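Below, each chain spelled out in residue letters.
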Amino acid sequence: MGALTAAAFRCRVAGLAHVPTNGGALLAYNHLSVLDAIFVGVPVGRLGRVVRCFALSEDFERPLLGPALRKVRAIPIRRGAGDWDALRELAGVVE
């Protein structure tokens, strides 16, 4: 994904030095597009960190997107449902 992103977009990364080298961390960013998780995940992944993100539960049912989300171990979240199971899973990941 990193090579494809670099070829298609001119990205500027700021604040990478604030990502801890080990232990749990929560990365929060303004959601601007469906590609946000890629633009955050690729630079942080290059630091050797594993990045997990939320994805809409209905996206897991899409033919190409669903398998990709499962492969990167995205956490399904139900929009507008107060999805405490997804939040508990995320808390476990950060812990």
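Structure report, in brief. (Residues numbered from 1 in each chain as written. Predicted model: local features only at pLDDT ≥ 70, side-chain atom pairs only at ≥ 80, totals over all residues. Heavy atoms only, no water.)

### Looking at the overall build of the protein chain
To be explicit about the condition: Secondary structure elements are taken from DSSP: a helix is a run of H or I of four residues or more, a strand is a run of E of two residues or more, and numbering for both begins at the N terminus. Restricting the calculation to C-alpha atoms gives the radius of gyration, and the globule rule supplies 2.2 Å times the number of residues raised to the power 0.38. Note on classification: 1.4 Å probe, protein chains only; a residue is buried when its accessible area is under 20% of the maximum for its type, exposed when over 50%, partly exposed between these limits. Any two residues having at least one pair of non-hydrogen atoms within 4.5 Å are treated as being in contact. All accessibility values rest on the Shrake-Rupley procedure with a 1.4 Å probe; residue burial counts only the protein chains present in the view. Under the convention used here, Asp and Glu are negative, Lys and Arg are positive, and both His and the chain ends fall outside the count. For the purpose of locating charges, the reference atoms are NZ of Lys, CZ of Arg, CG of Asp and CD of Glu.
Counting its regular elements, the protein chain contains four helices and two strands. Secondary structure elements of the protein chain occur, N-terminal to C-terminal, as α-α-β-α-β-α. Taken against the 2.2 N^0.38 rule, which gives 12 Å for 95 residues, the C-alpha radius of gyration of the protein chain at 14 Å falls within 12% of a compact globule. For the protein chain, the spread of C-alpha atoms along the three principal axes comes to 35 × 30 × 25 Å. In the protein chain, which comprises 95 residues, the proportion classed as buried is 21%. Look at the contacts in the protein chain between residues 6 or more apart in sequence, and 38% of them connect residues 24 or more apart. In the structure as shown, the protein chain presents an accessible area of about 7400 Å², 59% of it carried by carbon and sulfur atoms. Positive and negative side-chain charges of the protein chain, numbering 12 and 8 respectively, have mean locations separated by a distance of 9 Å.

### Focus on the pattern of salt bridges
Filter applied, for reference: One speaks of a salt bridge when a side-chain nitrogen belonging to Lys or Arg is within 4 Å of a carboxyl oxygen belonging to Asp or Glu.
Taken as a whole and judged by the stated rule, the model has five salt bridges. Between glutamate 58 and arginine 79 there is a salt bridge, with the nearest N and O atoms lying 2.9 Å from each other. Here the residue glutamate 58 occupies a position in the loop between strand 1 (54-56) and helix 3 (65-71), and arginine 79 occupies one in the loop between strand 2 (75-77) and helix 4 (84-94), the gap between them amounting to 21 residues. For glutamate 58, a relative accessible area of 33% gives the class partly exposed.

### Thoughts on unusual backbone geometry
Located in the positive-phi region is arginine 73, a residue other than glycine, with phi close to 60°. Following the sequence through the fold, arginine 73 ends up in the loop between helix 3 and strand 2.

### Things to note about the side chain of arginine 49
This is how it is decided: Pairs of N or O atoms within 3.5 Å make up the polar contacts considered here, provided that, within protein, one atom can donate a hydrogen while the other can accept it, and that residues adjacent in sequence are counted only when both atoms are side-chain atoms.
Relative to the assigned elements, arginine 49 resides in the loop between helix 2 (36-45) and strand 1. For the buried residue arginine 49, which engages in no salt bridge, the nearest side chain bearing the opposite charge is glutamate 95, 14 Å off. At 2.5 Å, the side chain of arginine 49 forms a polar contact with the backbone oxygen of proline 20. In this structure the side chain of arginine 49 is engaged in a polar contact, spanning 2.4 Å, whose partner is the backbone oxygen of glycine 23. Leaving out residues up to four positions away in the same chain, arginine 49 has contacts with Val19, Pro20, Thr21, Asn22, Gly23, Gly24 and Val44.

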